[in-house]
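Chain by chain, the residues run as shown.
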Amino acid sequence: ALTDNGASATFEWQQSTVAGPSIPLTLADEGAIYVGSTDGRLYQLDPSTGGIVTSVVLGTGGAAIGSPGYDWMNSLAYVGAEDGSVYAVTLPLQ
């Protein structure tokens with residue numbers, strides 16, 4: 001996360017423990033960031049610190065997980081996996 005200082009930017013935090021993170025899904029009303037990973041997990045991150053709040057293994061955990069999309073009506077994230085599967089996951093993660 002970056003803070004724009006006009007002529008420069010300052011890092012607020014950096015997350016480097018999630019393997020091969022996808023493009024994040026940020027849900028400000030939930031106070032959460034979600035990213036897929038090459039380790040077969042969907043991660044929930046704390047937007048203040050970048051720390052891992054929790055994660056879930058999707059399928060067997062053997063396929064990379066893509067960027068999540070969000071269904072506001074049903075509070076579901078839809079994510080595709082490298083093995084051709086698509087998962088619907090209830091948010092926030094439990």
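What you see is a predicted model, and the numbers here were worked out from it, not measured in a lab. (Residues numbered from 1 in each chain as written. Predicted model: local features only at pLDDT ≥ 70, side-chain atom pairs only at ≥ 80, totals over all residues. Heavy atoms only, no water.)

Peer 1: I'm lost on the overall build of the protein in this one. Help?
Peer 2: Within the protein, the secondary structure is distributed over 0 helices and 9 strands. Secondary structure elements of the protein occur, N-terminal to C-terminal, as β-β-β-β-β-β-β-β-β. Taken against the 2.2 N^0.38 rule, which gives 12 Å for 94 residues, the C-alpha radius of gyration of the protein at 14 Å falls within 12% of a compact globule. With the C-alpha coordinates of the protein rotated into their principal frame, the extents come out at 45 × 30 × 20 Å. (Helix = DSSP H or I, 4+ residues; strand = E, 2+ residues; numbered from the N terminus. Rg over C-alpha atoms; globule rule 2.2 N^0.38 Å.)

Peer 1: Sorry if this is basic, but what is going on with the environment of Tyr34 here?
Peer 2: Within the secondary structure, Tyr34 is located in strand β4 (residues 32-36). What makes Tyr34 buried here is its relative accessible area of 0%. For the pair formed by Tyr34 and Leu45, sequence separation is 11 residues and the distance between their alpha carbons is 6.2 Å. Not counting residues up to four positions away in its chain, the partners in contact with Tyr34 are Ile23, Pro24, Leu25, Leu27, Leu42, Tyr43, Gln44, Pro68, Leu91, Pro92 and Leu93. (Buried < 20%, exposed > 50% of the residue type's maximum accessible area, 1.4 Å probe, protein only. Contact = heavy atoms within 4.5 Å.)

Peer 1: Teacher, can you tell me more about the sheet that holds strand β8 (residues 76-80) here?
Peer 2: What links the strands of a sheet is backbone hydrogen bonding, and the strands pair in either a parallel or an antiparallel sense. Within the open sheet, the 3 strands sit side by side as β7-β8-β9. Their pairing is antiparallel. Each of the sheet's edge strands pairs with one partner strand only, and the pair in question is β7 (69-71) and β9 (86-90). On average, each strand axis in the sheet is inclined to that of its neighbour by 30 degrees, with strand direction left out of account. Where β8 and β9 come together, 5 bridges link them in antiparallel fashion. The residue bridging Ala77 from the neighbouring strand is Val89, located in β9. (Pairing = 2+ DSSP bridges. Axes fitted to C-alpha atoms, helices over the stretch in contact; angles between N-to-C directions.)

Peer 1: Teacher, can you tell me more about the environment of Val53 here?
Peer 2: Secondary-structure assignment places Val53 in strand β6 (residues 52-57). Taking relative accessible area as the criterion, Val53 reaches 48% and is therefore assigned partly exposed. In sequence terms Val53 and Ile33 are 20 residues apart; their C-alpha atoms lie 9.6 Å from each other. Ignoring sequence-local partners within four residues, the contact set of Val53 consists of Gln44, Leu45 and Asp46.

Peer 1: I tried to follow the environment of Pro47 on my own but got confused; where do I start?
Peer 2: You can see Pro47 is positioned in the loop between β5 (41-45) and β6. Accessibility expressed as a relative area gives 34% for Pro47, which makes it partly exposed. As a C-alpha pair, Pro47 and Asn74 span 27 residues in sequence and 22 Å in three-dimensional space.

Peer 1: What's the story with the nonpolar core in this structure? I'm lost.
Peer 2: Where a protein is soluble and globular, its nonpolar side chains tend to be buried together. The biggest cluster of nonpolar side chains holds 15 residues, and the ones touching the most others in it are Leu27, Tyr34, Leu42, Leu58, Leu91 and Leu93. Elements supplying a minimum of two residues to this core: β3 (25-27), β4 and β8. Filtering out sequence-adjacent residues up to four positions away, Leu27 remains in contact with Ala32, Tyr34, Tyr70, Trp72 and Leu91. Ranked by size, the runner-up nonpolar core spans 6 residues in total, among them Val18, Val35, Tyr43 and Leu45. (Core = buried A, V, L, I, M, F, W, Y, C linked by side-chain atoms within 4.5 Å.)

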